[in-house]
Amino acid sequence: MEQTKQSSSSSTKKWLVGCGIGCGAILLIVILLVMGGFFFVRNIVEGFKDTETLMDTLVEQHGEIQEYSPDPDGAIKPERLEAFLEAREAMAPAREELEKSFRILEEGRDEETSDKESRSVFKRIKTGFGMIPQISGFYKSHVQTLLDVKMGMGEYYYIYTVAYYSWLGKSVLEGPDFQIRGDDEGYRYRDWDDQESEEVRRDITFRWLHRISLPMLQKQYEKLTTGEVPRVQNEWRKALQAEIEAMESNRYRLIWQDGLPEVIKKSLEPYRQRLEDSYSPLTNALEIALERR
């Protein structure tokens with residue numbers, strides 16, 4: 001437990017330095033963490049354990065992400081889009097709390113040293129300490145909501161990627177302007193402060209999305225071509241085959257990045273405004289990091 005508390009303190013100090021907070025304030029916060037760290041760390045660890053338990057249940061019921069197969073005819077059924085939007089709505093409170101925290105941290109980073117900054121230091125400190133429990137709560141809400149609406153993580157990510165990135169044109173890399181990194185030392189906050197780190201972020205994100213999406217399309221094509229293909233589906237079959245071949249030749253390719261086939265567009269069009277309203281640029285990075293945590 002002592003090692004866990006030290007790791008949490010080290011993590012927090014890195015974040016404080018990133019926010020431009022002075023050494024005196026860091027020392028004060030480290031002292032407070034030593035005094036209250038046990039309860040702070042214990043609650044965070046228990047929160048993530050709860051999420052892992054829920055995730056195990058979700059996988060048991062719906063399978064791993066890559067095991068999901070979209071409907072072979074290409075259409076996304078209205079009831080599945082309704083379930084997706086119901087999940088987005090249920091997750092909104094946790095998502096909005098994180099958005100508020102991200103804005104506070106981003107605004108604080110742009111301030112010059114002044115009396116105003118001094119007055120806002122402790123607000124940023126409080127926000128920073130609250131981020132980890134908020135992230136824990138966000139992920140727990142995410143998984144519990146999917147269980148409630150009877151949707152697997154694979155189906156959720158398929159609709160999220162196709163609707164927001166491939167159709168509405170949202171940027172895969174949208175999120176706060178600093179990293180939230182999880183490792184054996186806990187969560188760390190760091191700038192995306194140079195071209196190299198931005199390229200690494202892009203490569204990791206696109207490769208991960210490619211890695212989960214390609215097996216989905218391959219399973220979809222296998223189901224489509226099992227038995228006789230109806231004449232009306234020939235155009236869709238050719239489009240799906242071409243997309244699979246394009247993704248197999250480029251491991252950084254985003255699913256349907258050159259445009260959606262008409263059958264998928266028709267499924268999404270009635271939900272355009274609701275999908276737009278449910279998207280969050282600030283929490284996007286966390287949305288697609290759950291399985292990479």
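This write-up is about the structure you can find in this document.

Examining the environment of P78
Now for step 1: With respect to the secondary-structure elements, P78 resides in helix α3 (residues 78-109).
Now for step 2: Taking the C-alpha atoms as reference points, P78 and L268, separated by 190 residues in sequence, lie 8.6 Å from one another.

A few points about the nonpolar core
Now for step 1: One finds F84, Y158, W256, I264, L268 and L275 to be the most contacted residues of the largest nonpolar core, which totals 63 residues.
Now for step 2: Where this core is concerned, the elements lending two or more residues are α2 (23-62), α3, α4 (115-149), α5 (153-167), α6 (195-224), α7 (234-248) and α8 (262-268).
Now for step 3: Per-element tally for this core: the top contributor is α5, with eleven residues.
Now for step 4: Sequence-distant contacts of L275, defined by excluding residues within four places in its chain, comprise F84, L85, A163, Y164, W167, L168 and L268.

Here's the deal with the pattern of salt bridges
Now for step 1: Under the counting rule described, the total for this entry stands at nine salt bridges.
Now for step 2: Among the salt bridges present, the one from E155 reaches R80, with a minimum N-O distance of 2.7 Å. Placement of E155 in helix α5 and of R80 in helix α3 is noted, with a sequence separation of 75 residues between them.
Now for step 3: On the accessibility criterion, E155 (10% relative accessible area) is buried.
Now for step 4: We note a salt bridge from R253 to D258, for which the minimum N-O separation is 2.9 Å.
Now for step 5: By relative accessible area, which is 8% here, R253 ends up buried.

Some remarks on unusual backbone geometry
Now for step 1: Look at K150: it is not a glycine, yet its phi comes out positive at around 60°.
Now for step 2: Mapped onto the fold, K150 is located in the loop between α4 and α5.
Now for step 3: By relative accessible area, K150 is classed as exposed at 59%.
Now for step 4: Of note in this structure, W256 is not a glycine but carries a positive phi near 50°.
Now for step 5: As for its placement among the helices and strands, W256 is situated in the loop between α7 and α8.

Quick look at the packing of aromatic side chains
To describe a pair of aromatic rings, you give the distance between the ring centres and the angle between the ring planes.
Now for step 1: Tallied over the full model, the rule gives eleven aromatic pairs.
Now for step 2: Centre to centre, the rings of Y68 and Y158 are 5.9 Å apart; their planes meet at 50°, and the pair counts as tilted. Linking Y68 in the loop between α2 and α3 with Y158 in helix α5, this pair joins segments that are 90 residues apart in sequence.
Now for step 3: Among the residues examined, Y158 registers a relative accessible area of 3% and is labelled buried.
Now for step 4: The structure contains a cluster of three or more aromatic residues connected by ring pairs, namely F84, Y156, Y157, Y160, Y164, Y165, W208 and Y279.

Definitions and cut-offs
- Residues numbered from 1 in each chain as written.
- Predicted model: local features only at pLDDT ≥ 70, side-chain atom pairs only at ≥ 80, totals over all residues.
- Heavy atoms only, no water.
- Helix = DSSP H or I, 4+ residues; strand = E, 2+ residues; numbered from the N terminus.
- Core = buried A, V, L, I, M, F, W, Y, C linked by side-chain atoms within 4.5 Å.
- Buried < 20%, exposed > 50% of the residue type's maximum accessible area, 1.4 Å probe, protein only.
- Contact = heavy atoms within 4.5 Å.
- Salt bridge = Lys/Arg side-chain N within 4 Å of Asp/Glu carboxyl O.
- Phe/Tyr/Trp six-rings, centres within 6.5 Å; stacked < 30°, edge-to-face > 60°.

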